[in-house]
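As a plain string of letters, each chain reads:
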Amino acid sequence: MDMDAAFEFSRYASRLRTGQPELAAQVLRAIDRPASIDTGDLGADGAAPDAAALAAALRALRARVGLATLLRDLTGRANLTEVCAKQTRLAELAIEAAVGVHHQLLVRTHGEPLGADSGEPQRLIVVAMGKLGGAELNVSSDVDLVFAYPEDGATTGPKPLANQEFFDRLGRRIVAALGDVTAEGFVFRVDMRLRPYGDSGPLSSSFAALEEYLVTQGRTWERYAWLKARALTGDRAEELQRLIAPFVFRKYLDYDAYAGLRDVHRQIREQGRRKDYASNIKLGPGGIREIEFIVQALQLVRGGRETGLRARGTLNALTALGARGLLPRPAVAELSAAYVFLRNLEHRLQYRDDRQTHDVPTDNAERDALAAACNAADADALDGLIESHRSAVERHFDAVFATGGASGDDPLASAWLDPAPEDAQYAALIAAGYTAPLAVIETLARVRQSTRYRQLPTLSRQRFDALVPQLLRAASDTPKPGSPVDASVVFGRLLALLETISGRSAYLALLVEHPPVLPRLAQLMGASAWAADYLTRHPILLDELLDSRVLLEEPDWGAWRRELHADLAAHAGDTERQMDALRHFQHAQAFRLLAQDLNGMLSVERLADHLSALADVVLAATLAYCWAQMHDGIPVAPPRFAIIGYGKLGGKELGYASDLDLVFVYDDPDEGAPQRYTRLVHRLNTWLTTTTPAGRLYDTDLRLRPDGASGLVVSSFDAFRRYQREQAWTWEHQALTRARFVAGDATLGAAFEAERDTVLRLPRDPRRLRDDVVEMRRRMYAGHPNRTPLFDLKHDPGGMVDVEFIVQYLVLAHSREHARLTANVGNIALLGRAGELGLVPRALAATVADAYREYRRRQHQIRLQGAPSARVDAEPQRAARAAVAELWAAVFGDFWRNGRAPDFG
């Protein structure tokens, strides 16, 4: 649309050009640049406050900015972002100016308002709500405001007022300064109905009064309203934000909010069905309000835990929801496109006469004019675009709040509601695949009679009652033919989880509100007893089941490292919340890996790599924040300190429940360094091992440090070097073969890796080395007796420890000549290298590597079922054990215990 067409379309712009030709000329001269808005437009700085002059200046500014923005938008020079930004900035400046001038005028008569407790001057905080709060104000929009002030008290002047009365008077002046219609027009209509108690409440509230209202009277729709709240004036805005945040965002995932949000959804849908809203692109079906409600509902549910979702603008929030997988990316794309389209359409409706309207016209001439302003081919084409976008929004709106669940006539419901050993209950359970229906009925009866169930609040009991039949059905659909786990076992695990979470209504709400989660949950708990126990101990992880796409996504450690840093930074200064954030992160990522593991997507080796990488990320973050905490958050140089991983962490063979074997070193000449880094280690270990409401991170084992449990918890790097070269036992050098730098100072980490290589390549007496390794193997065997006929995959002769000791001996005995052996690449790869170098028979090394890989796979499967030890029938392992024994004999000679190798063949 060209400039003449823009003036022709907007009768408001045409009137301005006719009535104020100088203004129109000024705007057109600068039309290729966004309209400027600054305090200079309101008069000279330092001038005496003048209410009449301010009113005139604000209305003149509004006319200039409005005309420039309108023309730039209609002629394609401005996009939606610019239009909203200009309207938002205009409102911010107008409010700031009105508060400043009228505060001064009131102070002349009544004096400064002071806080009764602090004695400090008080300033009005104007809180922007709605679109102004979200910095997405549209043209011809009202501004939704709330007025607050920090403390009650009184003014100091000759005509003193209570602070309440002072700020009420100031508020009335601000409303008039913005909204009164004069010969020059108005600036913004002001809507104050979102304040506590609405129109019947006082115009302004102290922080204390506001907090009391939100805690005792606040309703779900008010949480929705306060979500975009943003302070525009005053000097204690952060304090106000801290007061509001707990009302809007719960500490954890708030699925309880769905009941209230669904009620609002119902009201929106009923209102939208009214005939007079059919053409309303804001309030009608598929309108702007529905997009905003989808976004804000998900923000309310999850924003307490995921601070990155607290973005105020609708488009920014949609992007954040999509990035976290909380809305499918196609839905985000459709909703974003609809939002931009409908907001642009809204502006064109309002450009016509500078009138707040959202109704698409029915008059043919008006429809044609609107189509031209929207660059549509004609009115019918525009109608098609509107219908397409609104239909998409309506579909997503209903999908977010869809209800589901078991049918009211599900025969399994009778088994729960009346768990008696009668024909109907037996038939329902048998038909569902339960082979021992009496045991299930007895379990259901026990739960119904339990004190825990009987004392549940009414809403929680209703949700519990709705879930049990669904869980019975999900459990019966889970076991695969030939599976050792039947439906009764799966249901028992599900019921244990349900009983555990029954006291937390939000978890019950999550399962009720998201029926597709139940089959995923049953599949996971049926596949692994350990997984079932883990989820029961950490029910907050139920949230991870909502989006299977995200759950099964390949780990992106760079992205997750950034996510963890953002979560920790959001709770700066709050140690408890940071420790919880670390635990939530670690548990969530481990659970995602567990889901991928149970879906057959990860080999044992790949899983161990990921679990080790997860520990690395957590250790690095924990170290950084412990160091910052020691310095009270004041930026300082990073510590000259390194965390060294040993054992399974060092060898990248970590399991779900593995301890972390850690050694700490520093390289800092400062005389206070030993004490400082000792404090750091103690703090670090506390952060890792303390059980908080969110659980625990890891158990740690620090006994591999120099001199073991009797040694210092942290060593200087020089002391560590001397100890390894001059005092370390052979078993400590065995442990060093699986050590690596994990976190901390990269330069020190590189020095450790170089020193490790040097120590592993020291010359050694082969016979003494052999004797030391075999003696240590004997001690380990004696410490893990197996009095069963089963084969212990790890500790018995011919098992995993034998393979590991063989590899460690080969590294220590031959690295001096073969540097390739010092690489920390794992036992299987090192066996291959030893075979390639001719240190052991190549074919035998390959056979033992395959056996070791199979041992690890079997051990992992057994541990997933919660078994305390990995023991299996010995006969199928005879060939693998014989191969390991043959390699042991080839390396150490013809003895293992009592001078003889075990006989496996």
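Keep in mind that what you see is a predicted model, and the values were worked out from it rather than measured.

**Student:** Hey, could you run me through unusual backbone geometry in this one?
**Tutor:** With the exception of glycine, the majority of residues adopt a negative phi angle, and the majority of peptide bonds are in the trans configuration. Even without a glycine there, the phi angle at Ala135 is positive, about 55°. With respect to the helices and strands, Ala135 occurs in the loop between helix H6 (130–133) and strand S3 (143–149). Of note, Asn375 is a non-glycine position whose phi angle comes to about 60°, a positive value. Mapped onto the elements, Asn375 comes out in the loop between helix H15 (364–373) and helix H16 (379–400).

**Student:** Which parts of the structure should I look at to understand the nonpolar core?
**Tutor:** The tendency in soluble globular proteins is for nonpolar side chains to be buried side by side. Phe491, Leu542 and Phe641 are the most contacted members of the largest nonpolar core, which totals 102 residues. With 14 residues, the single largest contributor to this core is helix H29 (residues 604–630). Setting aside anything within four residues of it in sequence, one finds Phe641 in contact with Leu623, Phe664, Val665, Tyr666, Tyr677, Leu680, Val681, Val714, Ala743, Gly744, Asp745 and Leu748. Core analysis: the next-biggest nonpolar cluster, separate from the first, contains 81 residues, Ala6, Val139, Phe249 and Leu298 among them.

**Student:** Could you clarify how one ought to interpret helix H4 (residues 51–74) in this entry?
**Tutor:** Each full turn of the α-helix corresponds to 3.6 residues, which orients residues three or four apart in the same direction. Counted at 1.5 Å a residue, the expected span for H4 with its 24 residues is 34 Å, and the 34 Å between its end C-alpha atoms agrees. For H4, a buried count of 19 out of 24 residues is recorded, marking the element as mostly surrounded by other parts of the structure. Positioned one or two residues after H4, Gly76 has a phi angle of 80°, which is positive.

**Student:** Would you mind going over the pairing of S3 with me for this structure?
**Tutor:** Here is the key point about a regular strand: its side chains alternate between the two faces of the sheet. Burial runs high along S3: six of the seven residues are buried. In the sheet, S3 pairs with strand S5 (residues 190–191) via two bridges, with the strands oriented parallel. Directly across from Val143, in S5, lies its bridge partner Val190. With three bridges joining them, S3 and strand S6 (residues 204–206) adopt parallel strand pairing. Across the sheet, the residue bridging to Ala148 is Ser205, located in S6.

**Student:** Where do I start with the state of the cysteines in this structure?
**Tutor:** Each disulfide consists of one covalent bond between the sulfur atoms belonging to two cysteines. Summed over all chains, the structure comprises zero disulfides. Free of any disulfide, Cys84 has its nearest neighbouring cysteine sulfur in Cys374, separated by 15 Å.

**Student:** Teacher, can you tell me more about the side chain of Arg777 here?
**Tutor:** Looking at the element boundaries, Arg777 is found in helix H35 (residues 766–783). A distance of 2.5 Å separates a polar atom in the side chain of Arg777 from a polar atom in the side chain of Asp802.

**Student:** I tried to follow the packing of aromatic side chains on my own but got confused; where do I start?
**Tutor:** Here the distance between the centres and the angle between the planes together describe a pair of aromatic rings. For the coordinates displayed, the defined rule picks out 19 aromatic pairs. Taking 5.8 Å as the distance between ring centres and 15° as the angle between the ring planes, the aromatic pair formed by Phe641 and Phe664 counts as stacked. Remark: Phe664 occurs in strand S9 (residues 660–666) and Phe641 occurs in strand S8 (residues 641–646); sequence separation between them is 23 residues. When its relative accessible area of 0% is taken as the criterion, Phe641 is described as buried. Taken together, the aromatic side chains of Trp627, Phe641, Phe664, Tyr666 and Tyr677 make up a single cluster linked through ring pairs.

**Student:** I would appreciate a short explanation of empty space enclosed by the protein in the present structure.
**Tutor:** Here the structure, examined in full by the defined rule, presents two cavities of 30 Å³ or more. Of the volumes computed, that of the largest cavity is approximately 160 Å³. As for the largest cavity, its lining consists of 15 residues, and the residues nearest its centre are Arg62, Gly66, Val139, Ser140 and Asp354. Among the secondary structure elements, those contributing two or more residues to the lining of the largest cavity are H4, helix H5 (80–110) and helix H14 (329–351). Here the lining of the largest cavity takes three residues from H4, the largest share from any one element. Taken together, the residues of the lining of the largest cavity sort by class into eight nonpolar, five polar and two charged. Of the volumes computed, that of the second largest cavity is approximately 80 Å³.

**Student:** Can you walk me through the confidence of the model for the chain in this structure?
**Tutor:** Should pLDDT be low for a region, the predicted coordinates there are not to be read in detail. Confidence along the chain averages 90 in pLDDT terms, with 94% of residues attaining 70 or more. In the model, residues 896–901 has pLDDT below 50 throughout and makes 19 contacts with residues more than four positions away in sequence or in other chains.

**Student:** What am I meant to see in the packing of H29 against helix H38 (residues 842–864) here?
**Tutor:** For any two helices packed against each other, one specifies the crossing angle of their axes together with the interaxial distance. Between H29 and H38, whose axes approach to 10 Å, the crossing angle comes to 70°. Taken together, the axes of H29 and H38 are roughly perpendicular relative to one another. In contact with Val604, Glu605, Leu607 and Ala608 of H29, H38 contributes Arg853, Arg856, Arg857 and His860. For the contact of H29 with H38, the per-class residue count stands at three nonpolar, one polar and four charged.

**Student:** What is the right way to read the packing of helix H2 (residues 11–19) against helix H3 (residues 21–29) from this model?
**Tutor:** Running from N to C, H2 and H3 cross one another at 115°; their axes reach a closest spacing of 5 Å. With respect to H3, the axis of H2 lies roughly perpendicular. On H3, the residues that touch Leu16, Arg17, Thr18 and Gly19 of H2 are Pro21, Leu23 and Ala24. Of the residues belonging to the contact of H2 with H3, the class tally is four nonpolar, two polar and one charged.

**Student:** What should I look at first to understand the environment of Ala24 in this one?
**Tutor:** By secondary structure assignment, the location of Ala24 is in helix H3. Separated by 43 residues in the primary sequence, Ala24 and Leu67 place their C-alpha atoms 7.8 Å from one another. In this view, Ala24 contacts Arg17 and Leu67; residues no more than four positions away in its chain are not counted.

**Student:** Is there a simple way to think about H15 in this case?
**Tutor:** Residues of H15 that are buried include every one of Arg367, Ala369, Leu370, Ala371 and Ala373, and no others. Residues of H15 that are buried make contact with helix H1 (3–9), H4, H14 and H16. The N-cap residue of H15 is Asp363: its side-chain oxygen and the backbone nitrogen of Ala365 are 3.0 Å apart.

**Student:** Quick question: what am I supposed to make of the pattern of salt bridges here?
**Tutor:** Close approach of charged atoms allows side chains with opposite charge to pair. Applying the stated criterion to the full structure yields 53 salt bridges. When the shortest N-O distance is used, the salt bridge between Glu306 and Arg302 registers 2.9 Å. In terms of burial, Glu306 and Arg302 fall into one category: buried. Each member of the salt-bridge network shares a partner with another, and the members are Arg11, Arg15, Arg352, Asp353 and Glu366.

Analysis parameters
- Residues numbered from 1 in each chain as written.
- Predicted model: local features only at pLDDT ≥ 70, side-chain atom pairs only at ≥ 80, totals over all residues.
- Heavy atoms only, no water.
- Helix = DSSP H or I, 4+ residues; strand = E, 2+ residues; numbered from the N terminus.
- Core = buried A, V, L, I, M, F, W, Y, C linked by side-chain atoms within 4.5 Å.
- Buried < 20%, exposed > 50% of the residue type's maximum accessible area, 1.4 Å probe, protein only.
- Contact = heavy atoms within 4.5 Å.
- Expected span 1.5 Å × (residues − 1).
- Pairing = 2+ DSSP bridges.
- Disulfide = S-S within 2.5 Å.
- Polar contact = N/O pair within 3.5 Å; in protein donor to acceptor, adjacent residues only side chain to side chain.
- Phe/Tyr/Trp six-rings, centres within 6.5 Å; stacked < 30°, edge-to-face > 60°.
- 1 Å grid on protein atoms, 1.4 Å probe; cavity = no way out; pocket = protein on both sides within 12 Å on 5 of 7 lines; lining within 4 Å.
- Points joined across faces, edges and corners; volume = space filled by probe spheres on them.
- Nonpolar A, V, L, I, M, F, W, Y, C, P; charged D, E, K, R; others polar.
- pLDDT = per-residue confidence, 0-100.
- Axes fitted to C-alpha atoms, helices over the stretch in contact; angles between N-to-C directions.
- Parallel < 35°, antiparallel > 145°, perpendicular 65-115°, else oblique.
- Salt bridge = Lys/Arg side-chain N within 4 Å of Asp/Glu carboxyl O.

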